[in-house]
Amino acid sequence: MTSQGETEEFEPPYLYPDYKSTVLRAPSRPLVRLPEEWFHNARGPAFGRIPVRSEDADLTQQHQGEPLGERITVSGRVLDSDGAPVRNTLVEVWQANAAGRYVDPVDDHPAPLDPNFTGAGRCLTNSEGRYRFVTVKPGAYPWRNHLNAWRPAHIHFSVFGPDLGSRLVTQMYFPGDPLITSDPILQSIADSRGIDLLVAAFDWESTTPNWALGYRWDIVVRGRNATPRGL
Amino acid sequence: MPTPSQTVGPFFGFALPFPGDAGAAAGDEALRIEGQLLDGEGAPVVDGVLEVWQDDQFARCRTDAEGAYHFTVHKPSPTPESDGIPTASHLNVFVFARGLLRHLVTRIYFPDEEAANAADPVLSRVDPGRRATLVARRDGAVLRFDVHLQGADETVFFAH
């Protein structure tokens, strides 16, 4: 069990002026605390509404040909902060291609699109809380936050978990990336141990000979004993 | 140790939407809720996504070029909290956007439930001057619920 102080320091604040988009979007009033039981007793949504097909977990097989880039697997477990595996929960991912370009029309970075790569996937965790995606390593890309700003390579994750309090949207980063120390989105987390929780481990065990490098990353959603964020 | 949150970023629009995502209900009983997501200067947030979670209802809507979103839902039944105090009908709403390093949680209450709202144990925790930010407005056939991330009309958000 973690104390309230430890839990809080690992979460980023809403207002972090080095990340400019927070300045007009961070709420300025204190968050209101709901009754203790609210966010755990509320049931999570019925996931039947979001379509998840088995092929959605392989981002390299969604088009006629294979995407360019370094083929990787990203796998791990979804656990809650009380240590229990989170079974049969929806995990969504999205990312840039190997050149650092998103399919999204909002992205105008002049790096090539890959006709064989969309960069979006979904899967459900299994009975041990395990998930696994096959994809290519995303490229770094520039953004307009400050002069010569570059995002480290990352994969976006959206995880539901069992109840309202377990919802998590975050980003997974790659070990050894030299851009990590200058990225304000990551550095908004004051404690470097919190940043470490967002960096996957290169993993020989899940590396497949002659086929793909393996990265392992466990995700911990808030369990029943966790303190609400923002208090 | 819980995995820290990070922003949804601006480039989720090709990934998170799914067919029929904003409609959790259909038919005569379905209720349409419309609103705008606005920043501290009142400018539309065009790269946000909102989710409604309530009992067995789930809906998701990306904001458009006007910062507008909409949901079609069933008005939920009031459900007792575990301490037995009845609550007013409401919808839990999650807000994600570029610039939000953690998501925000708010609630939509209904304008035709004045007595229930007045007795609601969650609304009672909110500064009386700010409670109105949690109650939708009737606007013809739809309900309107704008989310102000910041400023004089800042919506009440809950720790989660």
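Note: the structure precedes this text.
Figured I'd write up the structure that's included with this text. (Residues numbered from 1 in each chain as written. Chains lettered and ligands numbered in written order. Predicted model: local features only at pLDDT ≥ 70, side-chain atom pairs only at ≥ 80, totals over all residues. Heavy atoms only, no water.)

On to the side chain of N116 of chain A, then. With respect to the helices and strands, the residue N116 of chain A is situated in the loop between β2 (90-95) and β3 (120-124). In this structure N116 of chain A touches H63, Q64, G65, E66 and P67 of chain A, once residues within four positions along its chain are discounted. (Helix = DSSP H or I, 4+ residues; strand = E, 2+ residues; numbered from the N terminus. Contact = heavy atoms within 4.5 Å.)

Contacts between the two partners involve 65 residues from chain B and, on the opposite side, 77 residues from chain A. Overall, the association of chain B and chain A removes approximately 6,400 Å² of surface from exposure, summing both partners, and the carbon and sulfur fraction of that is 60%. The largest share of the area that chain B buries against chain A comes from M1, Q6 and R102 of chain B, three residues that together contribute 14% of it. Counting every contact that joins chain B to chain A gives three salt bridges. One salt bridge connects R60 of chain B with E92 of chain A, and the closest N-O pair in it is separated by 2.9 Å. Connecting chain B to chain A are 32 residue pairs in polar contact (both at pLDDT 80 or more). (Buried area = accessible area lost by both parts, 1.4 Å probe. Salt bridge = Lys/Arg side-chain N within 4 Å of Asp/Glu carboxyl O. Polar contact = N/O pair within 3.5 Å; in protein donor to acceptor, adjacent residues only side chain to side chain.)

In this section: the pattern of salt bridges. Two side chains bearing opposite charge may form a pair once their charged atoms approach each other closely. All chains considered together, the criterion is met by 19 salt bridges over all chains. Measuring nitrogen to oxygen at the nearest pair gives 2.8 Å for the salt bridge that ties D56 of chain A to R53 of chain A. A relative accessible area of 9% places D56 of chain A in the buried class. In this structure, E51 of chain B and R167 of chain A form a salt bridge, with 2.9 Å as the shortest nitrogen-oxygen distance. In this pair, E51 of chain B sits in strand β2 (residues 48-54) while R167 of chain A sits in the loop between β7 (154-159) and β8 (168-173), so the two residues belong to two different chains. Note on R167 of chain A: relative accessible area 1%, which makes it buried. Connected through shared salt-bridge partners, E92, R122 and R167 of chain A together with E51 and R60 of chain B make up one network. (Buried < 20%, exposed > 50% of the residue type's maximum accessible area, 1.4 Å probe, protein only.)

Within this model, the largest pocket holds a volume of roughly 540 Å³. Lining the largest pocket are 25 residues; nearest its centre among them are W143 and R144 of chain A together with P10, F11 and R98 of chain B. Going through the elements one at a time, β5 (141-143) and β7 of chain A are the ones with two or more residues in the lining of the largest pocket. The dominant element in the lining of the largest pocket, judged by the number of residues it contributes, is β5 of chain A, at three residues. (1 Å grid on protein atoms, 1.4 Å probe; cavity = no way out; pocket = protein on both sides within 12 Å on 5 of 7 lines; lining within 4 Å. Points joined across faces, edges and corners; volume = space filled by probe spheres on them.)

Scanning all chains against the criterion turns up 17 aromatic pairs over all chains. Taking 5.7 Å as the distance between ring centres and 75° as the angle between the ring planes, the aromatic pair formed by Y131 of chain A and F157 of chain A counts as edge-to-face. Taken as a pair, Y131 of chain A in strand β4 (residues 130-136) and F157 of chain A in strand β7 lie far apart in primary sequence, 26 residues in all. Note on Y131 of chain A: relative accessible area 2%, which makes it buried. Seen from their ring centres, F202 of chain A and Y215 of chain A are 5.9 Å apart, and the 70° between their planes marks the pair as edge-to-face. With a gap of 13 residues between them, F202 of chain A in strand β9 (residues 201-202) and Y215 of chain A in strand β10 (residues 213-216) connect regions that are remote in the sequence. Taken together, Y102 and Y141 of chain A together with F11 and F14 of chain B form an aromatic cluster joined through their ring pairs. We note R167 of chain A situated over the ring of F160 of chain A; from NZ or CZ to the ring centre the distance is 3.9 Å. (Phe/Tyr/Trp six-rings, centres within 6.5 Å; stacked < 30°, edge-to-face > 60°. Lys NZ or Arg CZ within 6 Å of the ring centre and 35° of its normal.)

Here we come to empty space enclosed by the protein. The gaps of empty space that remain are located by a probe, the size of a water molecule, rolled over the atoms. This structure, assessed with the given rule, holds two cavities of 30 Å³ or more. Approximately 40 Å³ is the volume attributed to the largest cavity. Lining the largest cavity, in full, are L59, V74, V93, Q95, F133, T135, I155 and F157 of chain A. Among the elements of the structure, β2, β4 and β7 of chain A are those that each provide at least two residues to the lining of the largest cavity. Considering only residue class, the lining of the largest cavity consists of six nonpolar, two polar and no charged. Put simply, the second largest cavity is a space of about 30 Å³. Surrounding the second largest cavity, V169 of chain A together with S5, Q6, T7, V8, F96, A97, L100, R102 and H103 of chain B form its lining. Across the lining of the second largest cavity, the residue classes break down as five nonpolar, four polar and one charged. (Nonpolar A, V, L, I, M, F, W, Y, C, P; charged D, E, K, R; others polar.)

In this section: the environment of V95 of chain B. Residue and element names in this part refer to chain B. Tracing the backbone through its elements, the reader meets V95 in strand β5 (residues 90-97). Under the relative-accessibility criterion, V95 is labelled buried at 0%. Spatially, the C-alpha atoms of V95 and V49 are 6.1 Å apart, while their sequence positions differ by 46 residues. Ignoring sequence-local partners within four residues, the contact set of V95 consists of L37, V49, L50, L100, H103, L104, V147 and L149.

Quick look at the pairing of strand β3 (residues 57-62) of chain B now. For β3 of chain B, a buried count of five out of six residues is recorded, marking the element as mostly surrounded by other parts of the structure. Hairpin connection from β2 of chain B to β3 of chain B: two residues lie between these consecutive antiparallel strands, with D55 of chain B at a positive phi of about 50°. (Pairing = 2+ DSSP bridges.)

Our focus in this paragraph is the sheet that holds β3 of chain B. All names here are of chain B. What the four strands build is an open sheet, ordered β3-β2-β5-β6; its pairing is antiparallel. At either end of the open sheet lies a strand with only one pairing partner, and these are β3 and β6 (104-109). Strand-to-strand twist of the sheet, defined as the mean angle between neighbouring strand axes without regard to direction, takes the value 25°. By the bridge criterion, six bridges tie β2 to β3 in an arrangement that is antiparallel. Residue W53 lies in a different strand from β3, and its bridge partner there is F58. (Axes fitted to C-alpha atoms, helices over the stretch in contact; angles between N-to-C directions.)

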